Amino acid sequence: MIEKEESIISEEEAAQYDRQIRLWGLDAQKRLRGSRVLLVGLRGLGAEVAKNLILAGVKGLTLLDHEQVCLTGCSRDLMVRVDQLCAQHNIKVFCGDVFGYHGYMFSDLGQEHNYVEEKPKVVKPKTDESNDGPEAKKPKVDPNETTMIKKTASFCSLKVALEVDWTNEKAKSSLKRTPVDYFLLHVLLKFRTDKGRDPHPESFEADATLLRQIRDDVLEAMGLSSELLPHDFVSYCFSEMAPVCAVVGGVLGQEVVKALSQRDAPHKNFFFFDGMKGSGVVDYFGPK
Amino acid sequence: MADTDEPMVVDGGSRDGGEWDGRWNHINTFLERPGPFTHPDFEPSTESLQFLLDTCKILVIGAGGLGCELLKDLALSGFRHIHVVDMDTIDVSNLNRQFLFRLKDVGRPKADIAADFINGRIPGCNVVPHFKKIQDFDESFYRQFHIIVCGLDSIIARRWMNGMLLSLLVYEDGVLDPSSIIPLIDGGTEGFKGNARVIFPGMTACIDCTLELYPPQINFPMCTIASMPRLPEHCVEYVRMLLWPKEKPFGDGVGLDADDPEHIQWVYQKSQERAAEFSITGVTYRLTQGVVKRIIPAVASTNAVIAAACATEVFKIASSAYIPLNNYMVFNDVDGLYTYTFEAERKENCSSCSQVPQDLHFSPSAKLQEVVDYLTENASLQMKSPAITATLEGKNKTLYLQTVASIEQRTRPNLSKSLKELGLLDGQELAVADVTTPQTLLFKLSFTS
């Protein structure tokens, strides 16, 4: 929720936040200064996100954690319910988790998220120029002058994003370009729902067997081959790697800042990080 | 932004010995079992964790934006013997991202405060601070570390560090002794962009192998500043470089102090006047300050990502359990999110790590100034203020040295003398010293025609 009254940035704050004000402007910083954020879950990822948001200068951060340290994050059902409840009240929702070397972030900024992008001003070329070459066709860009372009993005709910139908032909053809992390997420969330906790190294053998079983069930229910997640996927999704939390927490923190300040294009709507490959992917799952 | 003097309420060091059940479970998952992605030579054991906790010594260079994140990540990942070097003190503008510091710490040395915070927060961790420049230490200091990770803010410092680690390499009969290699993990950020790279000195691409990849520093041409300004930055540079020396607004011999608000205010007002003359918009106090202090925008999230990538590499290399990043990762979230890793290749004739003697080709009638210009302007050398010495008639003679005023004055006439006049011979060795390397570089003078 962003407060209606104009926030004032004091002189001390302008000095403290100087380096980031140079990045996203004073208006964006004012919006941040009037924002209140609810952060649910305080394991490795939650701690990193909390750090990044507080450093960004939000007005208030409410921390909600119903579990003790080293137990589970939010179940899929809980996340879906919270997301739906927030949608009714126009509250933006972010979800994220880290499983071993893998991490993800999801955002639902509502049906109509308005934001601005700062782009260099395009100066139309004069029509009476005699040269007909390709240079005349290129619109001249004036680097000094920028203009704020208003844009809108539309997001779907977590429920819809997770319930994409893979049985139709169109979906099957796009499978090659789809990050497998999406399916890995389904398996891990199902594990969390069934066992009430995340895979734990103490019960590695049993958990690994269960993970593979869930993989088979989940992929079969989607009408997909269980080969999509190779046999060894279980080895790298136990516990939470601190640096992976930092990467995902960094990206997630920045997404919250962008959404609150309504500046710059938000990632739509998933970000997956694979710590083994060092690769980060933004992808959209949901209706066109 | 309430700031209290109360100590942080954190459970630090009060538990017996700092260990509790399951404390390192998250690390053990990676070290006590084999997996499809572990290093082919990796043998799972309980010893890897002990090495990390008790023996492994890491040096973190810089306790700023990247340094704070690095110290946090390393301490949480089980590293307990960490040294940190930083020559800076804390400024209020650091507080938006350097989270080990508080308002009350402004003015104190970054290394000291960072070490205190981590030591108090992570039981058992021992961070040793050094409020010094990297150049204040010699080989005996650097040799004690297993891995060195940098969060520096200058290319010169990186090159110096690179040169130092190269100087530690031991070659026996032309073969590199692997135990003399200290891996260097280097991270850098600027606004929403960043990169992380892994360097095995003597084996993989070093900093100087890829020197030409760095974008050139923004230095506006004098003619633009003096007569044809277009940008607000040109107006500020005009005032800083031309107007201030002329008008001496705060007295004779008083140089522009970028940290003095009164000085910045004067520059700002004069810049506005200049801008008005040329109908240029956009001169603000903030812009003026940014140009004079060469400020680079910075935010916590980019530093979090890059430092984490670096810390992951430290963990992989220290545990020998995983194949390290090979070897240069870039990250950019200005527009969407872009990240890519490629293998930077060694330069065959790299001036720092190739061991290929560097030739200087000049005509005997060329002036010494031309040699100095070449050393500073050549894209692969990019020296800052090279000092050239040569052995003439059995004696070591300084041909030109810029960094000591008295010697500069004495050797300045040599610049306009030809190499022949100076008594230099074909095939002569010239020794060049510069801030970009801790070791003197040897060049062979090769006369043309």
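Residues numbered from 1 in each chain as written. Chains lettered and ligands numbered in written order. Predicted model: local features only at pLDDT ≥ 70, side-chain atom pairs only at ≥ 80, totals over all residues. Heavy atoms only, no water.

This part takes up the confidence of the model for chain B. Residues and elements named next belong to chain B. With 96% of its residues at a pLDDT of 70 or more, chain B has an overall mean of 90. Segment residues 8-16 is flagged for pLDDT under 50; beyond a separation of four residues in sequence, or across chains, it makes 8 contacts in the model. The ipTM, which scores confidence in the relative placement of chains, is 0.76 for this predicted complex, and the corresponding pTM is 0.68. (pLDDT = per-residue confidence, 0-100. Contact = heavy atoms within 4.5 Å.)

Below, the discussion takes up the side chain of K51 of chain A. Within the element layout of this structure, K51 of chain A appears in helix α3 (residues 44-56). If we ignore the near neighbours within four places in the chain, the residues touching K51 of chain A are E69, K72, F99 and A304 of chain B. (Helix = DSSP H or I, 4+ residues; strand = E, 2+ residues; numbered from the N terminus.)

Let's shift gears to a nonpolar patch on the surface. Residue and element names in this part refer to chain A. The grouping of L38, V40 and L64 at the surface amounts to a nonpolar patch, some 260 Å² of accessible area in total. One can find L64 in strand β2 (residues 60-64). The class of L64 is partly exposed, set by a relative accessible area of 43%. (Patch = residues over 30% accessible without salt bridge, like charges linked within 9 Å, V, L, I, M, F, W, Y side chains within 5 Å. Areas by Shrake-Rupley, 256 points an atom, 1.4 Å probe, with all protein chains shown as cover. Salt bridge = Lys/Arg side-chain N within 4 Å of Asp/Glu carboxyl O. Buried < 20%, exposed > 50% of the residue type's maximum accessible area, 1.4 Å probe, protein only.)

A word on the UniProt feature "active site" (unreviewed entry) in chain B. Residue and element names in this part refer to chain B. When the UniProt feature table is mapped onto this chain, "active site" (unreviewed entry) is found at C223. Mapped onto the elements of the fold, C223 is located in helix α7 (residues 222-226). C223 gets classed as partly exposed once you look at its relative accessible area, which sits at 45%. (UniProt positions renumbered as here; feature names shortened; annotations may be inferred.)

What follows covers helix α3 (residues 65-76) of chain B. Residues and elements named next belong to chain B. Between its first and last C-alpha, α3 extends 17 Å over 12 residues, near the 16 Å set by a 1.5 Å rise per residue. Of all 12 residues in α3, 11 are buried, a share of seventy percent or more. Among all positions in α3, only G65, L66, G67, C68, E69, L70, L71, K72, D73, L74 and A75 are buried. Two residues or fewer past α3, G78 is found with a positive phi of approximately 105 degrees. (Expected span 1.5 Å × (residues − 1).)

Okay, unusual backbone geometry next. Residue and element names in this part refer to chain A. A cis amide bond links K268 to the next residue, N269, at an omega of -15 degrees. Its location among the elements puts N269 in the loop between α10 (242-261) and β7 (270-274). Positive phi values are uncommon outside glycine, yet Q262 reaches one of about 50 degrees. Tracing the sequence through the fold places Q262 in the loop between α10 and β7. Judged by its relative accessible area of 23%, Q262 falls in the partly exposed class.

The next subject is the interface of chain B and chain A. In this assembly, 49 residues from chain B lie in contact with 46 residues from chain A. Together, the buried faces of chain B and chain A total about 4200 Å²; carbon and sulfur atoms form 63% of this surface. Linking chain B with chain A are 3 salt bridges. A salt bridge links E69 of chain B to K51 of chain A, with the nearest nitrogen and oxygen atoms 2.6 Å apart. (Buried area = accessible area lost by both parts, 1.4 Å probe.)

Here we take up the sheet that holds β7 of chain A. All names here are of chain A. In spatial order, the strands read β3-β4-β7-β8; together these 4 strands make up an open sheet with antiparallel pairing. Pairing within the sheet leaves two strands with one partner each, and these edge strands are β3 (93-99) and β8 (279-283). Averaged over all adjacent pairs, the angle separating strand axes in this sheet is 10 degrees, with direction ignored. As defined by bridge partners, strand β4 (residues 102-108) adjoins β7 across 5 bridges and the pair is classed as antiparallel. Residue pairing in the sheet places Y104 in a bridge with F272 of β7. Packing against the sheet, α10 makes contact with β3, β4 and β7, and its axis sits at approximately 175 degrees to β3. (Pairing = 2+ DSSP bridges. Axes fitted to C-alpha atoms, helices over the stretch in contact; angles between N-to-C directions.)

F270 of chain A together with F79 of chain B are the most contacted members of the largest nonpolar core, which has 130 residues in total. A total of 12 residues in this core trace back to one element, the largest contributor, which is helix α11 (residues 300-319) of chain B. What F270 of chain A contacts, discounting residues up to four positions off in sequence, is Y104, M105, F106, A161, L162, Y182, L185, V281, V282, D283 and F285 of chain A. (Core = buried A, V, L, I, M, F, W, Y, C linked by side-chain atoms within 4.5 Å.)

One face of the sheet, then the other: side chains in a regular strand alternate in exactly this way. Residues and elements named next belong to chain A. Within β3, 5 of the 7 residues are buried, leaving the element largely enclosed by the surrounding structure. Relative to β4, β3 runs antiparallel, the two being bridged by 7 bridges. When the sheet's bridge partners are listed, F94 is paired in β4 with S107. Counting the residues in the hairpin turn of β3 and β4 gives 2 residues, including G100, whose phi is positive at 60 degrees.

For the rest of this paragraph, the subject is the pairing of strand β14 (residues 429-434) of chain B. Residue and element names in this part refer to chain B. Summarising the sheet, strand β12 (residues 387-392) and β14 pair through 4 bridges and their orientation is antiparallel. Following the sheet pairing, A390 is matched in β14 by L430. Taken together, the 5 bridges between β14 and strand β15 (residues 437-447) define a ladder with antiparallel strand orientation. Following the sheet pairing, D434 is matched in β15 by T437.

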